[in-house]
Amino acid sequence: MEVLLQIRNLKKYFPITKGIITKKQLGVVKAVDGVGFEVYQGETLGLVGESGCGKSTTGRCILRLIEPTAGEVHFDGVNIGKLDKQAMRRIRKDMQMVFQAPFASLNPRMKIGDIIMEPILLHGIAKGKEARNRVKDLLNIVGLAGSYTECYPHEFSDGQRQRIGIARALAVEPKMIIFDEPVSALDVSIRAQVINLIKDLQEQYKLTYIFIAHDLSVVHHISDRVAVMYLGRIVEITGYRELYQNPCHPYTKALISAIPIPDPNVKKEKLILKSDVINSLNQHPGCNFYSRCPYSFPRCREEVPELRETRDGHSVACHLVNT
Ligand code: SF4
């Protein structure tokens, strides 16, 4: 398969400052710390990890909604870090994002028709009657009535608003969409419908997805491959079947052991982690997972484990596996 997106050593550090005028820097939060992966044309890469691990920041850095501190992002053969504002705006047509909070991501003062029409006009895809018809078609595609164009965001449920967000992303005929926790704010009963819609659209329009979530059971339903993130780094990446059947990193094992099984007769061994997630300001030089890992040993505290391929298409960042 052809590589559509390639990320190399992506970093995003946020400075911690003190004082209003002098702004003395006390340290940095390493939200994304050397992330690298590829996304192939037509696949879904699930990006999973607990809140604050840097997965959403990674998504925003890929689209340059926030500027990365370092690293390279190549999309469709173009190094987007070198693009000026105009060129970046053109390429964003091919890379869209659907956000977690459907209400917050829609302008409450704009009608739904105008919200979806805006990117169509901005990128010169259609105008006038053609653009209006296109908006109605898009609403139909995501399972909403074309007559909703005159309604405002507050008149819809969260599930419907997320469908509107998806219609807006589709409006510019993108090649890739980054879904940032698209179902975590929705009722459980609605989640499956939205995930099925996302899957159907991928098949219909040959789209490539990055699907960000904190819940492995959600990612499981949609991903071809899964990358597990912990405190700014990718700790494991492989095909979803291999990840669930043969998890290698202790953090992935803990995540998988926490997935509930809807059968009271099935007993599952749980991997209990030692403590809560550590403050990313107080990191030691070694493995980020050291203070929580039940298998840690002295080398883990001193040396960062590199992400290495242990078998075909399965890479892990752990000294225990890579010895
Ligand atoms: Fe645990 Fe060490 Fe592996 Fe980190 S490198 S996950 S601390 S065994």
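Here, the structure is the one placed above.
These lines cover the structure that appears in this document, whether it is placed above or below. (Residues numbered from 1 in each chain as written. Predicted model: local features only at pLDDT ≥ 70, side-chain atom pairs only at ≥ 80, totals over all residues. Heavy atoms only, no water.)

**Section: the overall build of the protein chain**
Condition: Helical segments are the DSSP runs of H or I of at least four residues, strand segments are the runs of E of at least two, and each set is numbered from the N terminus. Burial classes: relative accessible area under 20% of the type maximum marks a residue as buried, over 50% as exposed, and values in between as partly exposed (1.4 Å probe, protein chains only). Contacts were defined at the residue level, with two residues in contact if any of their heavy atoms lie within 4.5 Å. Throughout, the Shrake-Rupley method with a 1.4 Å probe supplies accessible areas, and for residues the shown protein chains are the sole cover considered. Charge counting follows a simple rule: Lys and Arg are positive, Asp and Glu are negative, and His as well as the terminal groups are ignored. Positions of charges follow a simple convention, taking NZ of Lys, CZ of Arg, CG of Asp or CD of Glu.
The secondary structure content of the protein chain amounts to 10 helices and 12 strands. Overall, the protein chain is about 65 × 60 × 40 Å in size when its C-alpha atoms are taken along their principal axes. Across the 323 residues in the protein chain, those meeting the buried criterion constitute 47%. Of the contacts formed within the protein chain by residues at least 6 apart in sequence, a portion of 62% connects residues at least 24 apart. For the protein chain, the exposed area adds up to about 16400 Å²; of that, 50% sits on carbon and sulfur atoms. Distance from the positive charge centre (43 side chains) to the negative charge centre (35 side chains) of the protein chain: 5 Å.

**Topic: the site of the ligand**
Convention followed: Any residue with a non-hydrogen atom lying within 4 Å of a molecule or strand is treated as near it. Buried and open spaces are told apart on a 1 Å grid over the protein atoms alone, a cavity being a set of points where a 1.4 Å probe fits but cannot get out and a pocket being an open set with protein on both sides within 12 Å along at least five of seven lines. Residues with an atom within 4 Å of a point are the lining residues. Molecules are considered to sit inside a cavity or pocket once more than half of their atoms lie within 2 Å of its grid points. Only Asp, Glu, Lys and Arg are considered charged in this grouping, and only Ala, Val, Leu, Ile, Met, Phe, Trp, Tyr, Cys and Pro are considered nonpolar; every other residue, Gly among them, is considered polar.
Near the ligand lie 13 residues; those nearest to it are C287, C293, C300, C318 and H319. Among the cavities detected, the one that contains the ligand is the largest cavity. Each residue belonging to the shell around the ligand can be placed in one class, and the counts come to 10 nonpolar, three polar and no charged.

**Quick notes on unusual backbone geometry**
Its identity as a non-glycine residue notwithstanding, E173 has a phi of 50°, on the positive side. If you trace the backbone, E173 turns up in the loop between α5 (158-170) and β7 (176-180). Even without glycine at this site, K206 takes up a positive phi of about 55°. Within the secondary structure, K206 sits in the loop between α6 (188-205) and β8 (208-213).

**Comments concerning the packing of helix α3 (residues 112-122) against helix α4 (residues 128-141)**
Counted only if it meets this: In this description, a line fitted to the C-alpha atoms serves as the axis of each element, helices being fitted only across the stretch in contact, and the angle between N-to-C directions of two axes falls anywhere from 0 to 180 degrees. Note on convention: the crossing is left-handed when the near helix lies turned anticlockwise from the far helix by less than a right angle, right-handed when the turn is clockwise.
Packing of α3 against α4 brings their axes to within 9 Å, and their N-to-C directions diverge by 115°. Both α3 and α4 take part in a crossing whose hand is right-handed. When α3 is examined against α4, the residues I112, G113, I116, M117, I120 and L121 are found in contact with a partner set consisting of A131, R132, R134, V135, L138 and L139. Looking at the contact of α3 with α4 residue by residue, the class counts come to nine nonpolar, one polar and two charged.

**So, the pairing of strand β9 (residues 225-230)**
Where we set the bar: Think of it this way: DSSP has to see at least two bridges between two strands before they count as a pair.
Burial of β9 is extensive: six of the six residues sit out of reach of the surface. Taking every second residue as pointing to the same face, both faces of β9 are buried, with R225, A227 and M229 on one and V226, V228 and Y230 on the other. Here strand β3 (residues 44-48) pairs with β9 via four bridges, running parallel. By the bridge assignment, L47 is partnered in β9 with A227. Strand direction decides the pairing type here: β9 and strand β10 (residues 233-239), joined by six bridges, are antiparallel. Opposite M229, over in β10, you have I234 as the bridge partner.

**Section: the packing of aromatic side chains**
The following threshold applies: Pairing of aromatic rings covers Phe, Tyr and Trp, the last through its six-membered ring, and needs centres within 6.5 Å; plane angles under 30 degrees mean stacked, over 60 mean edge-to-face, and all others mean tilted.
What the rule picks out here adds up to seven aromatic pairs. With a centroid separation of 5.2 Å and 75° between ring planes, the pair formed by Y148 and F156 is classed as edge-to-face. You can call Y148 partly exposed: its relative accessible area is 27%. One aromatic cluster is present, built from ring pairs that chain together F179, Y209 and F211.

**Quick word on the side chain of S257**
To be explicit about the condition: Whenever two N or O atoms come within 3.5 Å, that pair is a polar contact, provided that in protein one can donate a hydrogen and the other can accept it, and provided that, for residues adjacent in sequence, both atoms are side-chain atoms.
Along the chain, the position of S257 falls in helix α9 (residues 250-257). Polar side-chain contacts of S257 include one of 3.0 Å to the backbone oxygen of A254.

**Digging into the packing of α3 against α5**
Stated formally: By definition in this entry, angles of less than 35 degrees are roughly parallel, angles greater than 145 are roughly antiparallel, angles of 65 to 115 are roughly perpendicular, and the rest are oblique.
α5 packs onto α3 with a crossing angle of 25° between their chain directions and a minimal axis gap of 8 Å. Classified by the interaxial angle, the pair formed by α3 and α5 is roughly parallel. When you trace α3 past α5, the crossing you get is right-handed. Residues I112, I115, I116 and P119 of α3 pack against I164, A167 and R168 of α5. Of the residues that constitute the contact of α3 with α5, the class distribution is six nonpolar, no polar and one charged.

**Details of the sheet that holds β8**
Ordered in space as β6-β7-β8-β3-β9-β10-β12-β11, the eight strands form an open sheet in which the pairing is mixed. Only two strands of the sheet have a single partner each, and these edge strands are β6 (95-98) and β11 (308-311). Within the sheet, the average angular offset between the axes of one strand and its neighbour, ignoring direction, is 20°. As defined by bridge partners, β10 adjoins strand β12 (residues 314-316) across two bridges and the pair is classed as antiparallel. Directly across from E236, in β12, lies its bridge partner V316. Seen against the sheet, α6 touches β3, β7 and β8 and runs at an angle of roughly 160° to β8.

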